[in-house]
Amino acid sequence: MKSSNKVKLFTEHPRTRSRLILFSLMVLAGFSLISGKIAFLASKENKKNISYTEREEIYSRLNIADRNGNILATSLEGASAYIRPDEIQKKSLVAKRLKGIFPDLNEAILLNKLNDGRKFFWLKSIVSPRQEKALLDLGQPGIYFGKREYRFYPYGKLASHVIGYTKVNEFDVNYAEISGISGVERAFENKLAIKNSSKVKNNSIHLSLDLPVQAEVENVLKEWQKRMGAKAGGVVMMNIHNGEIVALASSPDFNANKERGVLGTDRDSSIYFNRVVQGVYEMGSTFKIFSVAQGLEKDLFTLDSLIDTRAFKINSRTIEDKYKFNSESSIYEIIVRSSNVGSAKLALMVGEKGLKEIFSKLGLLEPVRMELREANTTRPILPKNWHDITLATVSYGYGMSVSLLHLAKAYAILGNGGFNIEPTILKKNHNSQSGSRVLKKTTSDEMLKLLEAVVTDQRGTARILGSKYYRIGGKTGTAEKISIEKKGYQKDKVVANFVGLFPIQEPRFVIAAFLDEPENNLLQEPCRYASCTVVPMVKKLIERTGPLMNVIPDNQALMF
Amino acid sequence: MLRFLLIGTLIGSTFALGLWAYKINYDSRAAYQRVKELEKSILSANKHFKILNAEWAHLNRPDRLRKLTEYYFSELRLTPINPDDFISFSDIYRGQSSENESTALVDKRLTGITHEE
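Residues numbered from 1 in each chain as written. Chains lettered and ligands numbered in written order. Predicted model: local features only at pLDDT ≥ 70, side-chain atom pairs only at ≥ 80, totals over all residues. Heavy atoms only, no water.

(A) Spotlight on the overall build of chain A. When you go through chain A residue by residue, the secondary structure sums to 20 helices and 18 strands. Taken over 560 residues, chain A has a buried fraction of 54%. Pairs at least 24 residues apart make up 70% of the contacts formed inside chain A by residues separated by at least 6 positions. For chain A, the exposed surface amounts to about 26,500 Å²; the carbon and sulfur share of it is 52%. (Helix = DSSP H or I, 4+ residues; strand = E, 2+ residues; numbered from the N terminus. Buried < 20%, exposed > 50% of the residue type's maximum accessible area, 1.4 Å probe, protein only. Contact = heavy atoms within 4.5 Å. Areas by Shrake-Rupley, 256 points an atom, 1.4 Å probe, with all protein chains shown as cover.)

See below:
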């Protein structure tokens, strides 16, 4: 009885009951607290703030690499140095020592900055690791360093016009924002300046350029420019099937490392000008082939058709040739020996509509569409009207200016079976044509025959291009430059160019090259024509770069 | 008695669970710290990587390599790749048939090629 009372007491006593409930609640609260904390920890892991790595690399630009992964541009971490003059005691001594580390600084100006009561000034926007160590070794208070990312171009001047350069936009003590000013650095700004580059698997943009080929092209171009005393020069080499630019060189060039992101004012700004992409020139005879292509396309004539090649007048202007031609010449001969009269006659046969049609198909009437902004903004200079005299002169490359890249693209379409292509600076993973057909296959085949004849025919303007290794086809062009002082053209200043396709039996590459004001003085008489200035250069370029691009020499290829 | 046991177990398990939660919390903090340290070292390794890659590229500058091949030409006889360097299968076969002939062929390729055309 007693015990049952006790039990009753324990469970039914109001105080005991409430204690029991209170205790249960406490246990429940404890469990809730623990499970709450667990849930909090679990959820926090997902929404974790940006990690250390991401924070650090948030402003790091991606690398630019060539088609084989060679690094053409990379971002490295450096330091900037700044000074708080308040913390410096022996100011003149410090100025002297700083001058010792940075010989380019002016000691007097430095001392003035230290003394004029300012709280802060930048010593250098970027210091090299060696200079940084020297500054630290001074053990001088008041000199501080800030983190700086800077762009490094390991190959210096190589492909400088394609890669472009950057500048520092905003900066403070710990941070500097870099942005592209020209070339690939500008064209792919959004891709390069991607945030959290550590999260990007492939931390490079792969260009279509081939480093050894590019190096060889620049080497030969510079050597030849010097030899021919030319002011400037340019070469572009492109895959005619997918539009990949394998090499693009413009001379003179620049070393973007020296700029450190800021353009020097005392430098010659023309070195930044991409002559291949931005420079438009009257190209001369390299244009002759376009009216022929249109004629073949419309079945107006065949390569054997005879054309009257006697000098003739349009609007009191006489059109004549430098060399003597028979009164009638075949179209084959007109191209091989480069007759202005014949070419003008062909253009008149094709007519304004026809000429414009072929120019439009080959992309000569508008900027070349490609990634580089320099290309997209370079418009060809077209004639204001298309009178007969204009048709005649345009047919042999006067009165209309295009870039070397335009020419390369046009010849690529003529040589690749007639498919439209769009030049690209990015590596493609396929070699197939992506463009639509714009010319007949037969037209393209005839063009290849004609272009090879310019090289192989004994009378051809590019006969010295005949290589014992490769079968090459192409067309020369020499255009006198317009005089700035007086009206008309200057006889002694020319732009010589050549556009070729190789190996011609199964064309893979187009090569377009030009020299500005060349003169070959190594011959008995000085010669400015493309045939004795640019053509020998192109021969060397092809024989040097062909093996690098696995183009098997023709004489050997037959043995396989 | 049973109730005491029950209460005891409850209190005990509460403590145990509290301890367990504390340990988990502590471990996860430590793990997070370790992750941070690892990330830091990955980052510094990556930076080294970048510098080394850039240096390697800088050392492989074509103009530098060109000078080096010229300097060491007598020992290494390195020449730019040339269209003559492509050999057809028939050449290889011929080379096998006579040891002297193949040596002569290699010899010619090594010594007969000049830089300039």
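(B) A look at the overall build of chain B. In terms of helices and strands, chain B carries 5 helices and 0 strands. When the elements of chain B are put in sequence order from the N terminus, they spell out α-α-α-α-α. Looking at chain B as a whole, 12% of its 117 residues qualify as buried. Counting every atom, chain B has about 9,300 Å² of accessible surface; 65% of that belongs to carbon and sulfur.

(C) Here's a closer look at the pairing of strand β18 (residues 509-516) of chain A. All names here are of chain A. For β18, the buried fraction is high: 8 of the 8 residues fall into the buried class. The two faces of β18 match: Phe509, Ile511, Ala513 and Leu515 on one face and Val510, Ala512, Phe514 and Asp516 on the other face are all buried. Bridge analysis of strand β8 (residues 232-239) against β18 gives 8 bridges, and the strand direction is antiparallel. What sits directly across from valine 236, in β18, is alanine 512. (Pairing = 2+ DSSP bridges.)

(D) Layout of the state of the cysteines. Residue and element names in this part refer to chain A. This model, assessed by the stated rule, comprises 1 disulfide over all chains. Note that cysteine 527 is cross-linked by a disulfide to cysteine 532, the S-S spacing being 1.6 Å. Its S-S torsion of about -70 degrees marks the bond between cysteine 527 and cysteine 532 as left-handed, since a negative value means left-handed. With respect to class, cysteine 527 is no different from cysteine 532; both count as buried. (Disulfide = S-S within 2.5 Å.)

(E) Just the pairing of strand β16 (residues 473-482) of chain A, in detail. All names here are of chain A. Of all 10 residues in β16, 8 are buried; the element is thus mostly enclosed. Pairing analysis gives 10 bridges linking β16 to strand β17 (residues 489-502), with the strands arranged antiparallel. Opposite alanine 479, over in β17, you have valine 495 as the bridge partner. In sequence, β16 turns back onto β17 through a hairpin of 6 residues, with glycine 488 there showing a positive phi of about 110 degrees.

(F) Summary view of the environment of Gly342(A). Residue and element names in this part refer to chain A. With respect to the secondary-structure elements, glycine 342 resides in helix α14 (residues 340-361). For glycine 342, a relative accessible area of 0% gives the class buried. Separated by 50 residues in the primary sequence, glycine 342 and alanine 392 place their C-alpha atoms 9.5 Å from one another. Apart from the residues within four sequence positions on either side, glycine 342 is in contact with Ile307, Thr309 and Ile334.

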